[in-house]
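Chain by chain, the residues:
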Amino acid sequence: MKDTSEFGKDESMKTSWRKKAHKLVKRRLPIIGWIRRYTKKDLISDAIAGITVGLTVVPQSMAYAAIVGLSPEYGLYSSYVGVLTYILLGTCAQATIGPTAVMELLTFQICGPNYPACVILTGFYSGVFELLLAMLRLGWIVSFISEPVTVGFTAGAAMTILSSQIKNFFGIKGSKGNGFLGYWKKVFSDYPTISMADSVMGICAFVTLILLKKLKDIKPSENKFIKTTLWLTSLSRNVIVIVVTSIIAWAWSGHTPFQLVGNVQGGFPSVALPQFRLPVKRVEDTYYYNLNNQTYNETSMLNMTISTEGGDDTYLSFMESCQLLKTGPLVIALISILQNVAISKAFGAGGKVDATQEMIALGVSSVLGGCCSAMPISASFSRSAVNDASGVRTQMGGLFAGILVILSLGFLTPSFYYIPKASLSAVIIAAVMVMIEYESIIPMWRISKMDAIACLITFACSLFLGMEYGIVIGVCISVGGILLKSLKPELTPEIRTDSRTGINYLVITPSKSGIHFPSIDHVSSTIQKLCLKHKSCRVIVLNFCHWSSYDYSGASTFVSLVKGMKKNGRMLLFMNCSPEWVKVLGLAGLQNVPAISGDKEEADLSAHLSRLDKEELQGIDSQAIGVSNRTDKSVEGVIAGVIYTVGQPTVDLCRYRSK
């Protein structure tokens with residue numbers, strides 16, 4: 001019987017472990033849940049949405065590669081790995097993973113131009129950080145990045161990206177510069193080289209993009225065909241502009257007046273781990289260093305000594321490569337997680353978002369992308385909106401978008417030679433303009449000036465100091481604002497009158513926050529000032545209804561207040577004081593804690609006040625001063641009698657004892 005019992009327990013444990021393992025696999029592979037319900041209608045809807053997204057991502061990804069200073073094929077390499085991986089691991093049908101303007105701008109500020117090995121390694125390390133944060137369940141870190149900081153950061157990124165495209169947009173020759181101020185400095189110094197042909201091309205492409213975008217807002221008659229045609233034309237505006245301008249450049253006989261993209265490498269990159277020892281940039285390609293007989297470039301963010309021990313002066317050491325990247329991959333990982341979770345919440349129809357699973361999906365996509373020569377990737381707001389508007393039903397829509405990118409890499413790269421750089425710049429400028437949410441500033445200022453200040457400072461720092469500094473400073477200001485509010489919590493005084501004795505007493509109610517050492521001096525001094533202001537009130541009631549957390553400094557201060565007011569002929573009572581607070585105050589040295597219940601206040605207060613020395617109460621004004629208009633009679637007086645610690649029910653009124 002014993003062996004049979006043990007055998008039954010073993011089988012039960014095995015069954016329990018199988019259930020847990022199955023639940024974990026189903027949770028970490030969301031495709032298992034929705035693929036069983038997949039229908040033919042879902043397939044048709046996903047195919048339409050996927051192709052539409054693919055038509056958007058192909059020109060966008062090539063344009064975003066220019067932001068990070070790479071040739072267009074790197075944008076395409078980054079556009080199919082993420083969407084295919086997200087089919088298996090993603091939880092939001094609308095989210096599309098791929099290169100974004102913000103990710104590539106951050107990467108450019110880390111690596112500089114034309115440094116593909118650095119870009120790929122940055123994306124790989126960002127994926128490692130995302131997986132590490134997922135395993136440690138540290139997704140809550142992004143909660144410190146508030147909405148105002150995000151608005152300021154994205155606006156700063158948009159302005160920086162827009163500025164970086166001005167030279168290509170107008171065909172201005174010369175180096176592009178580095179940073180917002182550097183871009184405009186180079187524009188003004190090289191403006192005599194402006195190209196009329198590129199300027200006309202860029203302006204026409206930009207205006208066309210804006211007009212085509214407005215087509216979807218046109219409300220035609222009940223003709224469904226016209227409505228669908230306008231909608232598809234609007235969504236495909238990037239492809240239309242790129243194709244038309246490329247045909248114009250190709251048709252130009254002889255020497256073309258436009259600056260073209262040039263040769264784009266076709267086919268697929270080799271699948272391998274990225275180079276963990278980055279190559280040293282060459283001088284002739286405007287690369288590094290000028291330390292210890294090495295040369296550096298002004299666009300580099302690195303200021304370090306290059307080791308050439310052993311004669312290996314073509315590659316940085318592993319530590320030097322990490323020093324070059326600094327905290328860039330971690331910043332990119334956090335911003336990427338923020339975008340992914342925000343998009344999942346926006347399109348989740350109020351459902352719960354599994355932030356850990358989103359980090360896993362993003363991390364795996366980035367790590368695999370790093371093995372396929374991809375740039376840093378994240379969920380894209382614009383393409384996710386296109387996906388949603390196209391009627392996508394499941395994550396399978398990413399399959400068709402990925403296939404379209406793969407076909408472009410395999411067969412269309414020769415035709416990319418004739419794409420004008422001005423039209424690519426127009427695509428980028430039109431895409432990032434919507435990131436500048438200037439209309440949010442006024443309501444933000446009216447609701448919370450601190451939020452508006454944090455937004456504007458983040459915007460300015462992102463422009464003039466760099467994106468990574470902008471986000472860090474913005475977070476510090478937001479957190480500092482919260483600490484400042486907790487430093488000086490608001491205390492609301494209210495004079496009430498006991499209906500039986502006619503005696504006035506002062507009720508002080510704090511704002512919703514805990515009481516901790518940074519704010520305790522403010523609370524103590526405010527209570528004393530209110531007591532001096534309302535001298536006729538000899539009974540002070542401190543409402544603990546919003547104070548759920550505490551520390552030793554707060555408890556000690558309240559003990560001192562009780563003793564100090566007792567010496568000055570006043571009584572301090574604690575209303576709605578939880579049992580935890582009573583225990584803490586007792587441990588802090590307050591015997592017979594004057595804790596008050598808010599349920600039977602009127603009767604108990606009257607019973608208590610009737611014991612007070614009448615001679616000592618002669619100075620008390622019995623008229624109601626600022627009596628509360630509350631209609632809840634059960635809490636009119638707020639005081640339910642003085643309740644002392646367990647074991648001491650007798651009321652010790654000291655000098656207030658009854659004659």
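Novice: What should I look at first to understand the state of the cysteines in this one?
Specialist: Covalent bonding between the sulfur atoms of two cysteines is what defines a disulfide. Inspection of every chain in the model, using the stated rule, returns 1 disulfide. The residue that forms a disulfide with C111 is C118, at a sulfur-sulfur distance of 2.2 Å. Between C111 and C118, the S-S torsion sits near -75°, and that sign places the bridge as left-handed. Given a relative accessible area of 1%, C111 falls into the buried group. For C118, a relative accessible area of 0% puts it in the buried group. C537 provides the cysteine sulfur closest to C531, a residue in no disulfide bond, and the two sulfurs are 8.9 Å apart. In this structure C531 comes out as buried when scored by relative accessible area, which is 5%.

Novice: Mind showing me how you'd approach the pattern of salt bridges here?
Specialist: Close approach of charged atoms lets side chains of opposite charge pair. Tallied over the entire structure, the rule returns 5 salt bridges. In this structure, the salt-bridge partner of R27 is D354, at a minimum N-O distance of 3.5 Å. With a gap of 327 residues between them, R27 in helix α1 (residues 2-28) and D354 in the loop between α14 (328-346) and α15 (355-370) connect regions that are remote in the sequence. The exposure class of R27 is partly exposed, given its relative accessible area of 43%. Residue class for D354 comes out partly exposed when judged on its relative accessible area of 22%. With a closest N to O distance of 3.0 Å, R393 and D42 form a salt bridge. Placement of the pair is R393 in the loop between α16 (381-389) and α17 (397-412) and D42 in helix α3 (residues 40-67), with a sequence separation of 351 residues. By relative accessible area, which is 45% here, R393 ends up partly exposed. Take D42: its relative accessible area is 11%, and that puts it in the buried class.

Novice: I keep staring at the environment of M319 and nothing clicks. Help me out?
Specialist: One can find M319 in helix α13 (residues 318-325). On the basis of relative accessible area, M319 is assigned to the exposed category, the value being 59%.

Novice: Would you explain helix α5 (residues 101-111) in this entry?
Specialist: Turn by turn, an α-helix covers 3.6 residues, leaving residues three or four places apart pointing in a common direction. With respect to burial, α5 is a largely interior element, 11 of its 11 residues being buried. What α5 keeps buried is the set A101, V102, M103, E104, L105, L106, T107, F108, Q109, I110 and C111.

Novice: Help me out: how do you make sense of the pairing of strand β4 (residues 504-510) in this one?
Specialist: Side chains on a regular strand alternate between the two faces of the sheet. Burial analysis of β4 places 7 of its 7 residues in the buried class, the great majority of the element. A two-sided burial pattern is seen for β4, the buried positions comprising N504, L506, I508 and P510 on one face and Y505, V507 and T509 on the other. Across 7 bridges, strand β3 (residues 491-497) lies against β4 in antiparallel orientation. Across the sheet, the residue bridging to I495 is L506, located in β4. Two successive antiparallel strands, β3 and β4, enclose a turn made up of 6 residues, where G502 displays a positive phi of approximately 75°. Of the pairings in the sheet, the one linking β4 to strand β5 (residues 539-543) comprises 3 bridges and is parallel in character. Counterpart to L506 in the pairing with β5 is I540.

Novice: What should I look at first to understand the nonpolar core in this one?
Specialist: Of all hydrophobic cores here, the largest spans 99 residues; its most connected members are V102, L106, Y115, L278, I335 and V432. Looking at this core element by element, the count peaks at 9 residues for helix α6 (residues 116-135). L491, I527, F544 and W581 belong to the second largest nonpolar core, which has 29 residues in total.

Novice: I'm lost on the packing of α6 against α15 in this one. Help?
Specialist: How two helices sit against one another is set out by the angle between their axes and by the gap between those axes. Packing of α6 against α15 brings their axes to within 7 Å, and their N-to-C directions diverge by 155°. The angle between α6 and α15 falls in the class roughly antiparallel. Remark: the crossing between α6 and α15 carries left-handed chirality. Here I120, G123, F124, S126, G127, V128, E130, L131, L133 and A134 of α6 lie close against α15, whose contacting residues are T356, M359, I360, L362, G363, V364, S366, V367 and G370.

What counts, and at which threshold
- Residues numbered from 1 in each chain as written.
- Predicted model: local features only at pLDDT ≥ 70, side-chain atom pairs only at ≥ 80, totals over all residues.
- Heavy atoms only, no water.
- Disulfide = S-S within 2.5 Å.
- Buried < 20%, exposed > 50% of the residue type's maximum accessible area, 1.4 Å probe, protein only.
- Salt bridge = Lys/Arg side-chain N within 4 Å of Asp/Glu carboxyl O.
- Helix = DSSP H or I, 4+ residues; strand = E, 2+ residues; numbered from the N terminus.
- Pairing = 2+ DSSP bridges.
- Core = buried A, V, L, I, M, F, W, Y, C linked by side-chain atoms within 4.5 Å.
- Axes fitted to C-alpha atoms, helices over the stretch in contact; angles between N-to-C directions.
- Parallel < 35°, antiparallel > 145°, perpendicular 65-115°, else oblique.
- Left-handed = near helix turned anticlockwise from the far one by under 90°.
- Contact = heavy atoms within 4.5 Å.

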